[in-house]
Amino acid sequence: FAFFCVIENFTDYILYWIPFYYAIKISFLVWCMTPQYKGAKIVYNTAIKPVFQKHESAIDAALNALDPQAVIDTAVEATSQKKSEEK
């Protein structure tokens, strides 16, 4: 669902002209979410998993290059900002 939201923000003017785009989109999302069809599993195994496996070493290298303390500091800062906004 998030993928569609991001794509639609940039391509809304083009997608508007495709006939039945929203009906096709809803049908695809329902297919993905319905347990008996296992659409999400099919999409993951055929599209997402191969891409991640192909680029696994690059992803691991990028994650290993991160400074662990910087990640912790960012998480703490984000949490404290959220708490201050809630008050």
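Structural notes, computed from the coordinates. The structure displayed is predicted, hence computed values, not measured ones.

1. Overview of the packing of helix α1 (residues 2-15) against helix α2 (residues 21-33)
Then, number 1: In contact at an axis separation of 13 Å, α1 and α2 are set at 160° when each is read in the N-to-C sense. Looking at the two axes, α1 sits roughly antiparallel to α2. Relative to α2, α1 is oriented so that their crossing is right-handed. Each of Phe 4, Glu 8, Asp 12 and Leu 15 in α1 lies in contact with α2, whose residues at this interface are Tyr 21, Tyr 22, Lys 25, Phe 28 and Leu 29.
Then, number 2: Class assignment of the residues belonging to the contact of α1 with α2 gives a composition of six nonpolar, no polar and three charged.

2. Points about the packing of aromatic side chains
Then, number 1: Throughout the structure, instances matching the rule amount to three aromatic pairs.
Then, number 2: Plain terms: the ring middles of Tyr 16 and Trp 17 are 5.4 Å apart, the flat faces sit at 85° to each other, and that makes the pair edge-to-face. There is no split in this pair, since Tyr 16 and Trp 17 are both exposed.
Then, number 3: Ring plane angle 75° and centroid distance 5.0 Å describe the contact between Tyr 21 and Tyr 22, whose orientation is recorded as edge-to-face.
Then, number 4: Note on Tyr 21: relative accessible area 12%, which makes it buried.

3. What to know about a nonpolar patch on the surface
Then, number 1: A contiguous nonpolar surface patch, about 630 Å² in accessible area, is contributed by Tyr 44, Ile 48, Phe 52, Ile 59, Leu 63, Leu 66 and Val 71.
Then, number 2: Of all the secondary-structure elements, those providing two or more residues to the nonpolar patch are α3 (39-54) and α4 (56-65).
Then, number 3: With respect to the helices and strands, the residue Tyr 44 is situated in helix α3.
Then, number 4: Classification of Tyr 44 by relative accessible area gives partly exposed; the value is 40%.

4. A closer look at the pattern of salt bridges
Then, number 1: Counting across every chain of the model gives one salt bridge.
Then, number 2: Across the salt bridge formed by Glu 8 and Lys 25, the nearest N and O atoms sit 3.0 Å from each other. Here Lys 25 lies in helix α2 and Glu 8 lies in helix α1, a separation of 17 residues in the sequence.
Then, number 3: You can call Glu 8 buried: its relative accessible area is 14%.

Calculation criteria
- Residues numbered from 1 in each chain as written.
- Predicted model: local features only at pLDDT ≥ 70, side-chain atom pairs only at ≥ 80, totals over all residues.
- Heavy atoms only, no water.
- Axes fitted to C-alpha atoms, helices over the stretch in contact; angles between N-to-C directions.
- Helix = DSSP H or I, 4+ residues; strand = E, 2+ residues; numbered from the N terminus.
- Parallel < 35°, antiparallel > 145°, perpendicular 65-115°, else oblique.
- Left-handed = near helix turned anticlockwise from the far one by under 90°.
- Contact = heavy atoms within 4.5 Å.
- Nonpolar A, V, L, I, M, F, W, Y, C, P; charged D, E, K, R; others polar.
- Phe/Tyr/Trp six-rings, centres within 6.5 Å; stacked < 30°, edge-to-face > 60°.
- Buried < 20%, exposed > 50% of the residue type's maximum accessible area, 1.4 Å probe, protein only.
- Patch = residues over 30% accessible without salt bridge, like charges linked within 9 Å, V, L, I, M, F, W, Y side chains within 5 Å.
- Areas by Shrake-Rupley, 256 points an atom, 1.4 Å probe, with all protein chains shown as cover.
- Salt bridge = Lys/Arg side-chain N within 4 Å of Asp/Glu carboxyl O.

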